[in-house]
Amino acid sequence: MKFKVGIDIGGTFTDIITISETGDTTVHKTLSTPQDSSIGFINGLREVAEMRSTNFEQFLSSIDTIVHGTTVATNALLTLKGAKTALITTKGFRDALEMRRGIREEQFNNHYKNVTPLVPRYLRFIVDERISAEGKVVKKFKEKELLPIIKKIQEEKVESVCICFMNSFKNNSHEKQAVKFLRKNLKGIFVTASFEVLPSIRFYERVSTTAVSAFVGPIVANYFDNLIKKLDDIKFKGTLLIMQSNGGVVTPDVVKKNPAVTVLSGPAAAPTAGAFYSALLGYKNCITVDMGGTSFDAALVIDNQCVTSTEGSINRYRIALPSLDIITIGAGGGSIGWIDNGGLLRMGPQSAGAMPGPVCYERGGTVPACTDADLILGYLNPDFFAGGKLKLNKAKAENTIKTVLADKLGLSVLETVAGMYRIINSNMAQGVREISVERGYDPREFLFIVAGGAGSIHSSEICKELEIPMFVVPNVSSIFCAAGMLLGDLKHDYIRSYFSSFTKIDKKHFLKVFNEMKEEGINTLLHEGVKEKDIELYPTLDMRYVGQYHEVPLQVEWNDILNFNLESVFEVFHKEHNRQFGYSLKEEQTEMELINIRLRMIGKMEKPKFLSSKGEAHNLEKALKEKRKAYIPELNVMQEIPVYDGDMPLGGAVIKGPAVIEKITTSVFVSNDYDCLVDEFGSFVVYNKSVYPDGFKVEKKKIIEVVD
Amino acid sequence: MKIDKILVSIFQRAFKSITDEMSISLTKTTRSPILCEAKDFVTGLYDAKGQMLEQTENLPILSFSLGPVCRVILEQYGSDIYPGDVIIHNDVFSMGNQNNDVAIFKPTFHNNVLVGWSAAKGHQADIGGAVQGGYNPNATEVWQEAIRIPAVKLYEKGKLRKDVWNLIFANIRLQMVQEDIKAQIGACTLGERRLEAFVAKYGLEIFESHKQALFDSTEKMMRAEIKAIPNGVYTGGSMVYFDGKHKGSKFPIRTKITVENDNITFDFSKSSPQTKGFVNGIYTSTCSAITLTFLQMVNPNIPHNEGMIKPLKYIVPEGTILNASYPAATTFGNHLCPQIADSIFKALGPAVPERITAGWNHLLCSLFTGNHPRTGKKYVDICFLGLKGGSGALKGDDGYDHIGMIDASGGVLDQDYEMYEQQTPHQIIQHEYLCDSGGAGEWRGGLGTETKILLKGGDTTMVVFGDGDVEPNYGLFGGKGSMLNKIELKYKNGKKLIPMSKDMIHGIPDNTLYYQVAGGGGGYGNPKKRDKEKVLWDVKNEVVSKKVAQKIYGVKK
């Protein structure tokens, strides 16, 4: 029996999912070991072997692939504990990285500070070289200018070096020379150049992304070296793959060359899993949401593809590599309720976090949080939170809410907590609206997929606000990202700047650039063990109307590229522009220009069958745990409603709203306007009764299509 | 009607989400870099009476004139407003703030009743008049600056009035402006659709009552902030130099601020009479300047709606430099904001020393126009990257480096260097922080910058406008001022030219070097008290020289 394993290392927990060829699934959560997360990685594998009553060595030898998502790079950026990094750049441009084009995000807040630059000014060195806007050498690069810089780098014990020269997207010869010389003369130091990280126009985006890559580079490389050694030590013979920010996977070698591709490694798997679950229900588009302790993440899947964007940043550090387009807003179980000076109730974005956490945790929290409200509203069971591991103190939460909020608002405790619930739901709904509408999509046409945590208590109301008819809480929601990792394909993104009006494009050159990227991609994928027949190509042109400043990435057909069929490309562009921005300039026959060409190369991976049936419907009454008073938002009253044990096999059952379904890892609130179908794999499909008056049925045929 | 307090919170967030969405749409669809890169625009929602529901203020100086214009429109059209109407406006003598800042308004209806407006105003790349780009330092009357557009319908009941459209755009040089106005109409349509759906969802009665409750709550917040300022009458002043006509001329700005419990009045009556040139403010640009300055002194989380501005009283008599009479030239008016801000900070300094900043760098700016040999097309480009200096320090924090004038407060972005070199024929030689440009102090002023650009393409026209080249930005409480702004042209033949602060230079030849210094912000508190580690860190990073460290900060290594 062969296994695939997904391992998602987060701040608190390391999630592991193991799936056999036949779909036999083991799900496990173990504590993370932040000092050296590879320890938690190996421990977790050991524990899974025990759970399966298998000898560890035997278990290891039966694993053919481990897919791993890591927050090593993310944490280095969030805590600013990356490598001591130097930047070498063109004379005259020493400060672009720190200036960030002169933005202050909070315009009316004079105490708001700029970010700490990843490379301090004294480690930003300049050389007197220059390439012109046309790509011609204006001032020749001389290696000897690097000598004093190398000396300084050594004196300062710099651990990582990045190079970014002006207009290198047009002509990278200077960067190539510099990187070669530095690698030769700075042994043991991580060296990277912008043409290796992001060879595209826009200096600030490029220098920032390159600096991020250098800043996290040595840490990421060390982490993987260490992990691979540990896996070698325990004689793991399978393949290790790493989750990237773009939702695909790669081998560790590729990551070590450009570590910035893992900056969003963890959350990137959720939309991938979302795409899988929505396909099961016959949907091509879905929104995946993940409500954790401090934040709420939302991402889009369109036509079964996760939406990527190049406009991302972390901790205000700009990263222009294609990453899954995930918006994060400050709304989580720990979001605190407060009253502003105008007497209005607000929720978040500040969070009580896990420590001290909400008042009901009794860990010293004194500010009312969302979880306190959820508890008082009856959605959470004080004796069964995290399966009973953490007892919640409802009385204490009520007292605090009364004194801190309710009395000041002149409302009852119940009115106040219902208000907290409504406000945070509205905040999350606006966040979801922004990610969809901003990109020109109507959220009503999307399936809403909820990963783990507190999200499934709030989804009925969020969906109602957005007029989304149905949401799904997948069977593996508690380890949703780990599961998503096993559903990703090998994915490599290539980019070349190609600034030209379409009328002036030289067909031969245009195809040559594409073919270069294609060759590189094919070689990498073959090296990663992909068969040629499993390789897919997705070309994208970043283009705009002449005179516009912001380009629109347009995915095009490979055949149109090969045949240089530009008319067809233009047609699609007009349509896409109209969809996103409400108008096109087709009638005006406005000329278009090309900025960048991109090629995404995908190596299709075999998908695990982790949809083992959970058995037929049990008698619902058997799963009925209790009746409990809970808040019904549609009626604005507390009402006694049934609470079901969601960990019992319930396949095929229909649970009428209002009801609460409790699992060890999560609770689902099905409000008055909804019913819930438990599908045969144990996922909860919650649908609006008025949209599906005859109930909702999963079509068998569709499942087979997706699974096989 | 009973107010659902929770719904009031939800209203606030929903309005903000609408104006943000309009703003994103504009960023992505406009063509002029002034709009899509520098974000020199604002989007807003107003109720049926023209009261502000919410705004997204990328560039705050434009922002607080939309409400007044909306009220002008209501008065002008009365009941003659229909679904599908689109109204355009720029006229500074009917509450516009600057000729180039063109506003689009679209009414929103619910069951055939007018319930509100969506609006978008942006700085257009051209607005007719004598000089491309709109900044005409020789202007003495409005017609030399721009085409005047009092409120006029571009669309009526959904139908384009092609004749009106043609009339307006026959007077504007660049085709691009038409496309940008289309983008503004698009953004307003988004706002209209969402406001319409919002009112439909809650019903008109709930909408009206809860909107009012939101205003009341915000007003309460603002009044609490005012109440925290000790009662009194405070005065401050600053100086505007050179009207573009008379060398050496100067014009005082004088403010008298009266704080009485939770009311505050800004009285600028004693300021200089209006100038003969284009260095004149207009009522709404001055009120915007006052508002955005005061907003920097209060809780930044106050929602931006009518309740926020209600407690603020403005007295700016007509005929003064801050509210010029018809038909004065006024294009420079937005840029009097730095002086207005200075006078307010100086006035309130003794009352609330912990809330004010030292002097911000004043704007000194150039705008290039010419032909791009590679594309064969005309370009207009405001040199944003060169003009942005530092902000003043305040108690507890250094100023912000390279943030730019206070009227934008970091909302205007530099052009990307590589995009700039594609879009214009010019080559950037240097754009870096300038050592010792931040005014010394216990808290240091934000850093200014040094910019060198090799002007290419030949026959370039440069318009210069601004200030800050006579009097340095002031320090506070023992902090030092910063250095002056400067622009200089170095011709290939070795000749140098320092333009005046309002000037226009024609026919600049190929390979002329443009040099600009944007000064830093003023320092706050005695520099000798500055944390030694911070001084040494600044020296290590070469933003403070060893000499200044030793002489002014008294720090030796």
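Conventions adopted
Residues numbered from 1 in each chain as written. Chains lettered and ligands numbered in written order. Predicted model: local features only at pLDDT ≥ 70, side-chain atom pairs only at ≥ 80, totals over all residues. Helix = DSSP H or I, 4+ residues; strand = E, 2+ residues; numbered from the N terminus. Buried ≥ 20, exposed ≤ 12 C-beta atoms within 10 Å, placed from the backbone. Rg over C-alpha atoms; globule rule 2.2 N^0.38 Å. Contact = placed C-beta atoms within 7 Å. Domains from an automatic or database assignment. Nonpolar A, V, L, I, M, F, W, Y, C, P; charged D, E, K, R; others polar. Pairing = 2+ DSSP bridges. Axes fitted to C-alpha atoms, helices over the stretch in contact; angles between N-to-C directions. Expected span 1.5 Å × (residues − 1). Core = buried A, V, L, I, M, F, W, Y, C linked by C-beta atoms within 7 Å.

(A) Molecular detail of the overall build of chain B. From N to C terminus, chain B includes 13 helices and 20 strands. Seen along its three principal axes, the alpha-carbon backbone of chain B occupies a region of about 70 × 60 × 40 Å. For chain B, buried positions account for 63% of its 557 residues.

(B) Quick peek at the overall build of chain A. Within chain A, the secondary structure is distributed over 20 helices and 35 strands. For 708 residues, the compact-globule formula gives about 27 Å, and the C-alpha radius of gyration of chain A, at 27 Å, lands near that figure. Principal-axis analysis of the C-alpha atoms gives chain A an extent of 80 × 65 × 60 Å. Taking the contacts inside chain A whose residues are at least 6 apart along the sequence as the reference set, 67% of them involve residues at least 24 apart.

(C) Looking closely at the domain arrangement of chain A. Assigned domains within chain A: domain 1 (492-603) and domain 2 (620-707). Its C-alpha centre places domain 1 of chain A at a distance of 45 Å from the equivalent point of domain 2 of chain A.

(D) Molecular detail of the domain arrangement of chain B. Residues and elements named next belong to chain B. Taken as a whole, chain B is organised into domain 1 (5-220) and domain 2 (357-557). For domain 1 and domain 2, the distance between their C-alpha centres works out to 33 Å. Classifying every residue of the side of domain 1 that touches domain 2 by side-chain character gives 10 nonpolar, three polar and four charged.

(E) Representation of the environment of A:Cys162 in the model. All names here are of chain A. Mapped onto the elements of the fold, Cys162 is located in strand S9 (residues 160-164). Distance from Cys162 to Ser459, taken between C-alpha atoms, is 44 Å for residues 297 residues apart in sequence. Those residues in contact with Cys162 that sit more than four places away from it in its chain are Thr85, Leu87, Thr192, Ala193, Thr210, Ala211, Ser213 and Ala214.

(F) The interface of chain A and chain B, seen in detail. Taken together, the 54 residues of chain A in the interface contact 65 residues of chain B. Put simply, the parts of the chain that give the side of chain A that touches chain B at least two residues each are helix H8 (203-233), strand S22 (345-351) and helix H13 (413-437) of chain A. Tallying contributions element by element places H13(A) first for the side of chain A that touches chain B, with nine residues. In the side of chain A that touches chain B, the residues fall into 20 nonpolar, 20 polar and 14 charged.

(G) Looking closely at the pairing of strand S34 (residues 674-678) of chain A. Residue and element names in this part refer to chain A. In terms of residue burial, S34 counts as a mostly covered element, since four of its five residues are buried. In this sheet, S34 lies alongside strand S31 (residues 654-656) in antiparallel orientation, the contact comprising three bridges. Each bridged residue has a counterpart across the sheet, and for Ile655 the counterpart in S34 is Cys676. In this sheet, strand S35 (residues 684-688) lies alongside S34 in antiparallel orientation, the contact comprising five bridges. When the bridges of S35 are listed, Val678 appears paired with Phe684. What sits between the antiparallel neighbours S34 and S35 is a turn of five residues, in which Gly682 has the positive phi angle 90°.

(H) Up close: the sheet that holds strand S29 (residues 624-632) of chain A. Residue and element names in this part refer to chain A. Taken in spatial order, the four strands of this open sheet run S29-S30-S32-S33, and their pairing is mixed. For this open sheet the edge positions go to S29 and strand S33 (667-670), each flanked by a neighbour on one side alone. Each adjacent strand pair in this sheet contributes to an overall mean axis angle of 25°, direction not counted. Of the pairings in the sheet, the one linking S29 to strand S30 (residues 637-645) comprises eight bridges and is antiparallel in character. What sits directly across from Lys627, in S30, is Pro642.

(I) Summary view of the sheet that holds strand S8 (residues 232-241) of chain B. Residues and elements named next belong to chain B. The mixed open sheet is built from four strands, whose spatial order is S8-S9-S10-S11. Of all the strands in the sheet, just S8 and strand S11 (312-315) have a single pairing partner and so form its edges. Sheet twist, expressed as the average angle between the axes of neighbouring strands with direction ignored, equals 20°. Pairing geometry for strand S10 (residues 263-267) and S11, over four bridges, is parallel. Considered in S11, the bridge of Thr265 is made with Lys313. Of the strands in this sheet, S8 and strand S9 (250-260) touch helix H9 (residues 337-348), which is tilted by about 150° from S8.

(J) Local environment of the pairing of strand S10 (residues 190-193) of chain A. Residues and elements named next belong to chain A. Residue alternation in S10 divides its side chains into two sets, Phe190 and Thr192 and Val191 and Ala193, and both sets are buried. Sheet analysis places S9 next to S10, joined by four bridges and oriented parallel. Considered in S10, the bridge of Ser160 is made with Phe190.

(K) Seen up close, helix H6 (residues 204-227) of chain B. Residues and elements named next belong to chain B. In a regular helix each residue adds 1.5 Å, so 24 residues correspond to 34 Å; H6 covers 34 Å between its end C-alpha atoms and thus fits that length. The complete set of buried residues in H6 reads Phe207, His210, Lys211, Ala213, Leu214, Phe215, Ser217, Thr218, Glu219, Met221, Met222 and Glu225. Contact partners of the buried residues in H6: helix H1 (5-29), strand S1 (41-47), strand S2 (52-57), strand S5 (113-123), helix H5 (175-202) and helix H8 (306-309).

(L) Quick peek at the environment of B:Trp537. The residue B:Trp537 is located in helix H12 (residues 532-540) in this model. Residues B:Trp537 and B:Ala393, spaced 144 residues apart in sequence, show a C-alpha to C-alpha distance of 17 Å.

(M) Structural context of unusual backbone geometry. Each neighbour pair has its own omega, and for A:Gly348 with A:Pro349 the value is 0°, a cis peptide bond. With respect to the helices, strands and loops of the structure, A:Pro349 is situated in strand S22. The step from B:Tyr326 to B:Pro327 runs through a cis peptide bond, and the omega angle for that step is 0°. Tracing the backbone shows B:Pro327 in the loop between S11 and H9.

(N) Structural detail: the environment of A:Tyr538. Counting through the fold element by element, A:Tyr538 comes out in strand S26 (residues 535-545). Beyond its immediate chain neighbours, meaning those up to four positions away, A:Tyr538 contacts A:Gln555, A:Arg600 and A:Ile602.

(O) Main features of the nonpolar core. All names here are of chain A. Within the largest apolar cluster, 380 residues are counted, with the highest numbers of intra-cluster contacts made by Val161 and Phe448. Counting residues per element, this core draws most heavily on H8, which supplies 13 residues. Setting aside residues up to four positions removed in sequence, Phe448 forms contacts with Ile287, Val289, Ser459, Cys463, Ile468, Met470 and Phe471.

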